[in-house]
Amino acid sequence: KDSKQTLVFAQQAYDLGKVSFGENHIDTAKLLMNLANAQRDSGDKVSASQNYNKVLASYQAHYGDDSIEVLDPMLLAAESTTNDKKAQALFEDAINVAKSLNEPLVLAEVYTAAFKHLYKTTEYNHTIKNYGLKAYDIYSKHLPEDAILRVDATFLAASIQFAEKQYDAAERLFLEVIKQYQALDYSHPSELHAHAVLVELYEKQNNSQQATAHCIAIGKMKPWSDDQD
């Protein structure tokens, strides 16, 4: 958990790798990604972004443009850049790579990463909104109801539908989230949020009785950590 020492050793490992394997060896590229991760974690986002781009180029040259191996550096490069247009382009490339692999769960993961990053940017649009919904559709087809990836995707889709004022769809999805998290022996933050949004949703529909039921449910929740108020 010592980010400064992690960065020191990551740099040393990369420097040794360049000598041992050569500047353009794939193992050197892997050590450079290790260094970029350490730079990101230590707060040096500029260096991390530059190095993720270098790693991506090396991986594409070694593995091929449409290989599953390029997805990690491609997503990291997208998430680390401060250029929203570049981030969008990289995520679109990652989605195209994932589609070519014919692995639905990989595609759903890429859709989710793209939505979570891009919805906060100036590039957010209808296409990006649908990334979150497409991820949910894939997870709901390929994973059981209680799989955590599917539950998280359901929560994301519910939030999107609520923001879009698609209240019937949002209600159904938030109720599904609550159902799955109630199986835990503690109250999950997403369950709390789902109850809270449903209170707001039912009040918008002048349905105070159902809103009150979710207020009561919130009052009965157990803290999810020892220091939770």
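Provided above is the structure to which this section pertains.
Conventions and cut-offs
- Residues numbered from 1 in each chain as written.
- Predicted model: local features only at pLDDT ≥ 70, side-chain atom pairs only at ≥ 80, totals over all residues.
- Heavy atoms only, no water.
- Helix = DSSP H or I, 4+ residues; strand = E, 2+ residues; numbered from the N terminus.
- Contact = heavy atoms within 4.5 Å.
- Core = buried A, V, L, I, M, F, W, Y, C linked by side-chain atoms within 4.5 Å.
- Buried < 20%, exposed > 50% of the residue type's maximum accessible area, 1.4 Å probe, protein only.
- Phe/Tyr/Trp six-rings, centres within 6.5 Å; stacked < 30°, edge-to-face > 60°.
- Salt bridge = Lys/Arg side-chain N within 4 Å of Asp/Glu carboxyl O.
- Expected span 1.5 Å × (residues − 1).

Undergrad: So what exactly am I meant to see when it comes to the environment of I178 here?
TA: Along the chain, I178 turns up in helix α9 (residues 167-181). C-alpha separation for the pair I178 and F115, spaced 63 residues apart in sequence, amounts to 23 Å. With residues near it in sequence (within four places) discarded, I178 still touches E191, A194, H195, L198 and H214.

Undergrad: I'm lost on the nonpolar core in this one. Help?
TA: Across soluble globular proteins, nonpolar side chains have a tendency to be buried as a group. Ranked by internal contacts, the top residues of the largest apolar core, which has 68 residues, are Y131 and F174. When residues of this core are assigned to their parent elements, the largest contribution, 9 residues, is made by helix α6 (residues 104-118). Among residues more than four places away in sequence, those in contact with Y131 are E92, I95, Y111, A114, F115 and L118.

Undergrad: Which parts of the structure should I look at to understand the packing of aromatic side chains?
TA: In this description, a pair of aromatic rings is defined by centroid distance and the angle of the planes. Across all of its chains, the model carries 6 aromatic pairs by this definition. Ring centres of Y59 and Y63 lie 5.4 Å apart, and the angle between their planes is 65 degrees; on these two criteria the pair is classed as edge-to-face. A residue pair is termed a helical-turn pair when its members lie 3 or 4 positions apart in one helix, as Y59 and Y63 do in helix α3 (residues 45-63) at 4 residues. When its relative accessible area of 7% is taken as the criterion, Y59 is described as buried.

Undergrad: Explain the pattern of salt bridges here, please?
TA: When the charged atoms of two side chains lie near each other, side chains of opposite charge can form a pair. By the definition in use, this model includes 5 salt bridges. Taking the shortest distance from any N to any O, the salt bridge between K85 and E123 comes out at 3.7 Å. One end of the pair, K85, is in helix α5 (residues 84-101); the other, E123, is in the loop between α6 and α7 (126-142), and 38 residues separate them in sequence. On the basis of relative accessible area, E123 is assigned to the buried category, the value being 16%.

Undergrad: I tried to follow unusual backbone geometry on my own but got confused; where do I start?
TA: Most peptide bonds adopt trans geometry, and most residues besides glycine take a negative phi value. Of note in the backbone geometry, N102 takes a positive phi value of approximately 55 degrees without being a glycine. Position of N102 among the secondary structure elements: in the loop between α5 and α6. At K165, a residue that is not glycine, the phi angle is positive and equals roughly 65 degrees. Topologically, K165 is positioned in the loop between α8 (148-163) and α9. The class of K165 is exposed, set by a relative accessible area of 62%.

Undergrad: Sorry, what's going on with helix α2 (residues 26-42) here?
TA: Owing to its 3.6 residues per turn, the α-helix aligns residues three or four sequence positions apart on the same side. Along its 17 residues, α2 runs 24 Å from first to last C-alpha, staying within 8% of the 24 Å computed at 1.5 Å per residue. For α2, the full list of buried residues reads I26, T28, A29, L32, M33, L35, A36, A38 and Q39. The inward-facing, buried residues of α2 abut α1 (3-21), α3 and α4 (71-80). Remark: G43 follows α2 within two positions and exhibits a positive phi of approximately 100 degrees.

Undergrad: For this particular structure, what's the right way to read the side chain of S49?
TA: Among the secondary structure elements, S49 is positioned in helix α3. For S49, the residues in contact, after removing those within four places along its chain, are S80 and T81.

Shape descriptors only; they carry no functional weight alone.
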